[in-house]
Each structure stands twice: as structure tokens, then as C-alpha cells.
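Structural overview
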Amino acid sequence: MTDETYGSNYGSDADTEAANVLKCADCARSDSLVEGLDPVDHIPLTTEALAGFPDGVPTSTGANRRQFLATGVLGMASVYAASKIDWQQAMEAAVAEGAVADTNKLVIIYLNGGNDGLNMFVPTGTAFADYTAKRAGIGRANGVNVVDAANAITKLGTVPIPGNPELSFAMPIVGGPSAMNVANGGRNGHAANLGIDTLWTAGNVALFPAADFTPSNQSHFEARDFWFAGLLKQSVTGWVGRWLDRYGSDANPLQAISLDSSISKQIRTVKAPVAAVGSLTGINFGLQNVPTTDINLNAEMAKLAAVATGAGNDQLGRSRSIYDLTVKVSNSLGGLNGQDAIGQNPHGYPQGALGDRLRRAAVLLGAGLGTRVVTIDWGGFDTHGGQLASQDPQLRTLSASIAAFQSDLNARGIGDSTMTLVFSEFGRKIAENDGAGTDHGSGGAMMLVGNPVLGGVAGDVPIANGAMLTDPNDRANLMVATDFRQVYKQILADWLGGDPNAIIPDAQPAFARADGLPARITKV
Amino acid sequence: MPRISTRKGGVSATKKGKRVILKKRPKKISLKSARRQHRLKATPAVIQEIPMTQAMVDRLFWRAGFGPTAEARSAFTGKKSAEAVDWLLDSPQGALQGPAPTNGVNALDIFGERGNDDLVTEWIDRMVRSPNPLPERMRLFWHGHWANSREDVSPAQLMKKQNDVLGKYSDLAANPNADFATMSYEMATDPAMLRYLTGETNVRGRPNENYAREIMELFVLGVVDGNGKPNYTEQDVKELAKAFSGWRVRNDSTDNGANAMLAEGYFTPSRWDAGVKTLSWGKSGAFKDREATEAVLAHPNQPFYVTRKLWDYFVPTAPTADVHAQLVKTYVSSGFKIKPVVRQILLSAELFASIDEPTMIKPPAVYVAGALRATKAAIIDTDPVNSMMRMGQRPYYPPTVAGWEGGISWLNTNTVLERYGFIGRVVGKMPDLTDQPTETPQAAFDRAFGATASPWVSAASKANLLDLANRAPARTAAQRKNRQVVLRTLLLAGPDAQVM
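The sections below set out a description of the structure shown in this document.

**Observations regarding the interface of chain A and chain B**
- Tallying the contact residues gives 40 residues for chain A and 45 residues for chain B.
- Roughly 3,400 Å² of surface becomes buried between chain A and chain B when both sides are summed, with 61% attributable to carbon and sulfur atoms.
- Where chain A touches chain B, the interface holds two salt bridges.
- A salt bridge links A:Arg320 to B:Asp496; the nearest nitrogen and oxygen atoms lie 2.8 Å apart.
- Seen at the junction of chain A and chain B, the total is 18 residue pairs in polar contact (both at pLDDT 80 or more).
- Tallied by class, the residues present in the side of chain A that touches chain B amount to 20 nonpolar, 13 polar and seven charged.

**A look at helix H12 (residues 387–411) of chain A**
Residues and elements named next belong to chain A.
- Counted at 1.5 Å a residue, the expected span for H12 with its 25 residues is 36 Å, and the 35 Å between its end C-alpha atoms agrees.
- The buried fraction of H12 amounts to 19 of the 25 residues, a majority that puts the element mostly inside the structure.
- One or two residues past the end of H12 sits Gly413, with phi positive at roughly 80°.

**Things to note about the side chain of B:Lys277**
Residue and element names in this part refer to chain B.
- Structurally, Lys277 is set in strand S5 (residues 277–278).
- With no salt bridge to any partner, buried Lys277 finds its closest opposite charge in Asp273, at an N-O distance of 4.7 Å.
- Setting aside chain neighbours within four positions, we find Lys277 in contact with Glu239, Lys242, Ala243, Trp272, Lys283, Ser284, Gly285, Ala286 and Phe287.

**A closer look at the packing of aromatic side chains**
- This model, assessed by the stated rule, comprises 33 aromatic pairs over all chains.
- For the ring pair A:Phe213 and A:Phe226, a centre distance of 5.4 Å and an interplane angle of 55° mean the geometry is tilted. With A:Phe213 in the loop between strand S9 (205–212) and helix H7 (220–229) and A:Phe226 in helix H7, this pair connects stretches of sequence that are 13 residues apart.
- According to the relative accessible area criterion, A:Phe213 is buried, its value standing at 1%.
- Centre to centre, the rings of B:Phe61 and B:Trp87 are 6.1 Å apart; their planes meet at 40°, and the pair counts as tilted. Placement of the pair is B:Phe61 in helix H2 (residues 54–63) and B:Trp87 in helix H4 (residues 81–90), with a sequence separation of 26 residues.
- Assessed through its relative accessible area of 3%, B:Phe61 is described here as buried.
- What makes B:Trp87 partly exposed here is its relative accessible area of 32%.
- Among the aromatic residues, those joined into a cluster by ring pairs are A:Tyr110, A:Phe213, A:Phe226, A:Trp227, A:Phe228, A:Trp239, A:Phe423, A:Phe484 and A:Tyr488.
- The ring of B:Phe267 has B:Lys288 sitting right over it, with the charged end atom 4.1 Å from the ring centre.

**Side note on unusual backbone geometry**
- Here A:Thr214 and A:Pro215 are connected by a cis peptide whose omega angle stands at -5°.
- Structurally, the position occupied by A:Pro215 is in the loop between S9 and H7.
- For the bond from B:Ser154 to B:Pro155, the omega torsion is -5°, close enough to zero to count as cis.
- Considering the arrangement of structural elements, one finds B:Pro155 in the loop between helix H6 (134–145) and helix H7 (156–168).
- With a phi angle near 55°, A:Asn465 is a residue other than glycine that sits in the positive phi range.
- Take A:Asn465: its relative accessible area is 81%, and that puts it in the exposed class.
- One non-glycine residue, B:Tyr396, lies in positive phi territory at about 75°.
- Counting through the fold element by element, B:Tyr396 comes out in the loop between helix H17 (383–391) and helix H18 (413–428).
- Residue classification places B:Tyr396 among the buried positions, given a relative accessible area of 1%.

About the criteria used
Position numbers for residues count from 1 along each chain, tracking the sequence in the order it is written. Chain labels run from A onward and ligand labels from 1 onward, assigned in the order the entries are written. Since the coordinates come from a predicted model, pLDDT governs what is reported: local features require at least 70, and pairs of side-chain atoms require 80 or more to be given and counted, while whole-chain, interface and lining totals use all residues. Each side-chain value is derived from all of the structure's non-hydrogen atoms; neither hydrogens nor water enter the calculation. In what follows, a contact means two residues having at least one pair of non-hydrogen atoms within 4.5 Å. The term buried area denotes the loss of accessible surface (1.4 Å probe radius) that occurs when two parts are joined, taken as the sum for both partners. In what follows, salt bridge is the name for a side-chain nitrogen of Lys or Arg lying within 4 Å of a carboxyl oxygen of Asp or Glu. Counting of polar contacts relies on pairs of N or O atoms within 3.5 Å, with two restrictions inside protein: one atom must be capable of donating a hydrogen and the other of accepting it, and residues adjacent in sequence are counted only when both atoms are side-chain atoms. Under the scheme applied here, ten amino acids are nonpolar (Ala, Val, Leu, Ile, Met, Phe, Trp, Tyr, Cys and Pro), four are charged (Asp, Glu, Lys and Arg), and all others, including Gly, are polar. Numbering of helices and strands runs from the N terminus; a helix is a DSSP stretch of H or I covering at least four residues, while a strand is a stretch of E covering at least two. Multiplying 1.5 Å by the residue count of a helix minus one yields the expected span of that helix. The rule is simple: take the accessible area with a 1.4 Å probe, protein chains only, and divide by the maximum for that residue type; under 20% is buried, over 50% is exposed, in between is partly exposed. When charges are tallied, Lys and Arg are placed among the positive residues and Asp and Glu among the negative ones, while His and the ends of the chain are skipped. The aromatic pairing rule takes the rings of Phe, Tyr and Trp, using the six-membered ring of Trp, and pairs them if the centres are within 6.5 Å, calling planes under 30 degrees apart stacked, those over 60 edge-to-face and the rest tilted. The rule for a charge over a ring is simple: NZ of Lys or CZ of Arg within 6 Å of the ring centre, and within 35 degrees of the ring normal.

Structure below.
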């Protein structure tokens, strides 16, 4: 995973491709998913369902499978449950739950491989000299970009994080040197392509700069399993899974969805049904080489579909109504898979696996199917070597994707009811290695993003006396300033609801914020 | 008036693990429902005496073919429908017109490495390039009726051989006396059928009921009569299964060798259950396959089933009891001949109902072949085959032994987009998209309309398309080409283009 280039480091295919450049022996991604467990069923995600039933929900009585499927299928949900689930009951449960407005939703992005937080949120304050000394090759500059002619490198600059003297955003966040020129049109040459820094300025990002557990664990396997379980041991159930078992639905598998080939261990339950959705098909009436700006074919088709049909002509009526539905669905879904033929990407999602999956997440969350939790596993962070060339593009994509996602959620009217959690199984060593990379460490960056989030540097910053504080168990590691279980518990207490101690029994000190704000993760 | 059963009525199609329960109750023919079904348009019953408008010619050549050609329009507009119908029924299929398709590089090789795609392409090509389209249209009907799938039949030669057999009952000029009884005898021991419904394993003492069930349920008799009363019992299935025992497939070559075309069903007396079989409608005897088929054909409700199924293939509304009775009369009095029944249906007033607003969704095969005929586009590699699979109708691969459900089930958001995408690819490769810099919007529309063989489009849709032609940017050559491509695509792949 280490040396993958931007855009290819996603999923098991990328893992296979990159296998020969791995510097870390145990970087397999797949074990973040529950393997060896077969889904009990596959539920078709119908066009109508994903469009939020533009023509109304089919009535439960008499809705047989064929009627339900009659509008087409945009994807399949693999259902994981204790026993076989009737697809129709599942859909009915999903629709019933979806009817409950504004239930709080959580999206979890797992940065697979151990993300280096120190090159993302850079200690440019009192510890900058310490940081620079330990990262002579891959460290960031304080302020503007610095050209190091002797070593033929440009050190990417930083911008102070408002309200915090110790940390700066790596060139927001994390543009390449040339992309940072505002005269070039802004980030990534795309003026509308905002990032985490702008969400921060809006007060919608809470940062925990060094979240992990103590004693930290530098095995990908064990560390991620602990994070997934919300416990300092491996467990059959994930922390979200236990929450679902206790407070979730016993009939709606779409309540928690992993956008992957299998379910994440985070949502592994004992009894509550959950689902994995590998892909969704985007749809539209585009034609190759015909720009939407010249001819908007969806709009033209809508006119043809709106022509009135003579009484009793059921088959022509069917044709026109299906065309009309297709247009409605297309407009509702937007381009699901990258920039599509007619250029639908109003929110500026970057191309690639993360942007695509966040788009899908937005569609699913907005479809009113009772989805409470979505997990995304996004790999490529195990940067043992060539870190700048691999991590920087990843972070840029992450930053822009999250901003696009937020814009999409707002447009769908669910921005205020959705929160995104970003974490990695561990941080990395403070000092760079000989391969211009960093090895497994501790205390990675953890973020909560979203309109409802009470923004700020919520977690302690492990800096004192002009230096980064180190882990007493391994002085090469960053000190773990925040126990991740505390944040989970606060997510449960403030956002998802339920008794945090029932889900995560490990006792934790009372939650308190480093930025002096009330001890919450939500604004209200 | 005997009540009739429909294919859709309470049918449960069994074939190995595939069991499709169709819950729709059988349609019952009553005066009330007949009136409702015919509220579309009161069309004169003596339709065949009226000179045809071009719309009527178009209707006939869509329902009985794959869309009108310019020749058909000019030959039959203003003529009585009987002239056109008799041309369709009495003309030879004719040698295929125009260039033969390739699989991208080479000529088709239907039993070769890419055999399955080429096999299907070869048939689609016949639909596209036959001068008289009715034989292939009929063959498509019979394929959906005696629905066997290449999925479960190997070698491929058996499917092609069956397709040839179906042709004998489809080319009604060459086989004017083709009858359903003979067809039923032949299909009972057709090697693809023996393989698909596992008749090969039907041995005395170890009966396999597959074919015995389907010949009554789907092929010849129907599950229930028009009152919903069962036409046969489970005991009848068991009795018939014994009669059909003893058959196997000779030349069981699975190496795709040329000899596989010689494969045939053959009878082994020692495997046959020679006992007396007794059926609930009073037939009894030491039946073998032939006598068993005769017995099913002698069931009093049999004539209602296949005549109704043929009607449904050409006309989307149910026949009145009287019309159906007339069909049955023609069928029975002719000795179960196919041609007079098809003739009567094609001459019926109902075929031309709602002539200004077509009422029947084109099956994918008709849609694809029709578009290729209309645009004179060559078949490009396997595009039609793959596309038709996603449209829900891949010839030689019916989804179950009950064939394709058809009707409104053809269209959903996936299949509509597939139809649209296919047309987009066909139009994009049309050779006559040359730029005409001074072309007016009206001329652009007219050119698109002509290039797509003047398809039916409602007045309101036509106004929309003309409006689009006016609005579409046309400053650059690329924009003018796009205007032309879009107009053609919408004419052939909009909602109006889906019906015939």
C-alpha cells in the first residue's frame, strides 16, 4: 500500500497491485471486513427506493416482488443477519424507519494503514523546531512553501488553524505546491473545491490530534480490531454493532451499511441485520460528446415523457411513466460514479473511490431508508516510504471529498442530521525513516465533521515545553492524548443516543475538551 | 361459451430449480371486461375491406414484423389489409439482403469459440435482413412458447436444430399446412427439449415429470380454463410422464463437432413404461409419446389455449369471447393449422385499434431488429446480443420454460436506459451525419425523421423535438452534428418509440 499513487489505492485490487512494494508485512486491508461470513440474502435496491420513492411508496399490501422490482434495480445490498430476512419485510421496515424525520446519522471513514497526523495537522507552534529536526526530509514548512534547492525539494507550507497556536493545516489541505496558488483558481484548480479547512472555519470540525489507546499497539490487525470493537480486545461485535443490537431495528438491514464487498467489523452485530452495498449504478440520458450545456437530455426526455397518453393505453402509458421515473431518479441521484457523461457533479467530488463512495453514502442516507450508519474503508495510508508522494494526494482527496460530501448532504437536507467520523488505526513515528516515510506509531488524528459538530481542537495537543510529548512506552511515538473510546462514548451520548456504558463498558474519564468549550461533541 | 385459460393465469413454471409463481389470476372473458378492453377505439369489424393508411401499414409491419420498410409502405398504403397480410403469409422469407454481419473481425462462426454470441447474432441478423419479416417474427413466438434455453442445452447445435424445426411452423409460405399437432409431436422428442426438460432421464420405473407437466401447463393445454377450473390433475402429470418415458439424445456429442447437428431424439423400448395410462378427461391407453400428445391435443380446452397465446403475441388487448370463438373455430375446422389462425388475427380490427397512438411495447428483439432495419445499420460485433440481454430478451436464452413475460414488464429504468444506450450507439455510427452548415432546424428535424424511417411519434412529442431543434446550439459543426444525433436518438429511443 505504501507507494501507491493517487487514485489507485483503493480496495483489494489496489492491495494486490501494490503487494510487491509493501514495506510492511501485514498491511492487508481485507481484514477490516468481516470475511468468511456469507450474507443471508441480497436485497435489490430499487430505482424507486433510492430516488426516495418519487411516486410514493408502494403499498405494503399486495406489493409482490415483481411489482417492487418493476422500476429497475440500481444495486444489491448483501444482508448480514442472524436469520434469513424477507426482502419485502426489510424494505417495509426501511421505508417505515425512513419516515422518521431527521434521525441522527453517522458516517465513518476509516483511513486504512495508519494515517500520519503530524503531516496533516502540523505542529508549527512551540514544537516546530522539534518537528523539523525529526522530519528534515518530509516535514512541512511554517507558512509559505519553502524551496530547498540543495535537496531539490519544495517543502509544502502551512496555514494556521484558527484558534490554536500550536497547529497548522498542511497547505490546505493538502494541495500540491502549484495547486495552492489562488490565482490558479484555488485548490486543485477548482474554485468550488473546498476542503476541511473551510469546514473548520465554519466551526464544523472537531479535531482530536492524537487519538489512540494506551498502551498503543503497532499491529495493523490488532489496533484496527480494537478500534472497530471499541474495546481493547478483539470482539465478535463492533461498537456500532452492539449499539444496533441494543437500540437499532431488528428488521431493517439498511440501518447500517458498509460501502464495500462485505460488512465492516464496526457494524458486526449479534442479531440486528446490517448490509454491505458494493456498488450502485448511476443513470442518466446522456449521450457521448453531447455537452449538457448544449442539450440537457434529461430535461428533453422529461418533456417527451410528460406527453399525455390516451385512456386505456396502458403500455404507452407505462413507457412514458418509466421514462419520467428514470429522469426523476437520474436528477435525484446525480452522477454516482465519477463525473458522468453529462457532467453532473455539482458538489465537486474528486474522482476516485472515496468520492464515489461518499456520493453513494449521500444517496443512501438521503433516500429515507432508515440508514443510520455508513462505513467506508479507504486504504493507502501505510506510508513507510515515499510518503509525500502517497499521503499528500490522499489527504487532498480526503479533504475535498469531505467538503463535497458536506455540500451534497446540505443539498439533500440532511446536513444537520449527519456527522462524519474520520480515524485511522494508529499514527506514525514522530521521526521519518530512511525511506522518506514513517513507520507505525501511535496517536493518530481523529476528526468529527459536520454541521452539528461543535468544532475546535477538542482533544489535547501533545506538545509541551517546546517539544512533542512522547509515549512513555515508546519514546519514538507520539503520546496518546485522547482515548478513542472517550470519543465513541461521546458520540453515543451526544449523537446516536443510548447508554454509552452499555455499548462500551470500559470506564473512561469524563469527557472534557482541550479548547475550553462545553464537554460535548455537538453544538447543541 | 367455453372459458379459456391464459398463459399468465396461475401458471407455475417448473424446470429444475426454476419455479416462477405468477400470482396473477387468469383473465376471465366476460362481456363487461370485453367492453372495457375495447374502449380504446371502436374500429370497424370489416377492417380488411378498408384501404390502409400508412399508419395501418406501419402497425401491421411492426406487429407481424420488425417495422415497415419504405417498400412495404409504398406497396400497401391504400390497399386492403388482406393484400398485405397475404403477402406476409404467402411470400417466401427470401434471401437475406445487404452485407452479412461479422463478429468484429471474421464471419460469424455460430458453433465456434465465440459460439454463443455468434449463434444469437446469426438469428438477430435474420430478423434484420429477411425481406419477409413474418417467418422470423413467428419463429420468435414459437421460441418463447416452446421455451428452451441454451443455458441448459449443450451442445449449441441442439438449439440451432430446434430453431430450424420452429422455422417449419413459421415460414407459412413454404409450409402452408403446418399444424400445431404435428409441431407438438415433433417438439415432444426434440433433442434440445429432451435435454432442457431432462426427458432423457425419464425411464420406466423412474419417471421424470418435467415434460409431462409442461406440455399441459405451458405448451399445449394451459393450467386452467376461463373459469379458473383446472384442466388437468396431478395424476394426469404422473400418467403422462410414463407415456413420455424411453427417449434419449443420440449423438450426444459435447465437443461441438459437426456431428452434433445430427443429434436426434431416439427411443429405447426397454426404457419405456408400456402400461396403460389414464387421463382425467377420459383418454386411456398404452400411450407412447405420440399418443400421449394426441390425448392432450384432444382435451376440449386445448384449442382455446394456443389460439389465445397467438392472439396475445400480436394484440395487447384480450379478444372478445366472440372473436376468440371465431379463432377457435378456424383452428379446429382447419385441423389445428397455424396459418389460417395467424391470418385471422392479422386481419382483425383489434390489430388496428388506437391507430393514432400505438398500444403495444416492442419486445427487445423487435425493438433492436426494428432499429437496425430502420437505420440500415450493420450489426456491430456483439453489441445487439449483449444489449438485448440487458434489455431482458436474449434469443436462445429465455429466462424460464414459460418464456418471456412481455407486456409492461419489458420496461423499467434499467431496460429503458439500455434501449436508449443501444440506439445512441447505432445512431452515433450512422454514415450520413455529414455536416450541413446551412440546415434549418426544421430541415434538421426532417433529415433525422427520414434517416430513422419516419417512426411513429405523437404530435406533442414531435412539437417538442422541433422545439429542441430550434433551441439546440448550431454554431459549430460539432453542435450541428449533435443536434442531428440527438434528434435521431430521441426519435428512436424516446418513450414513443417503445410502442408499436
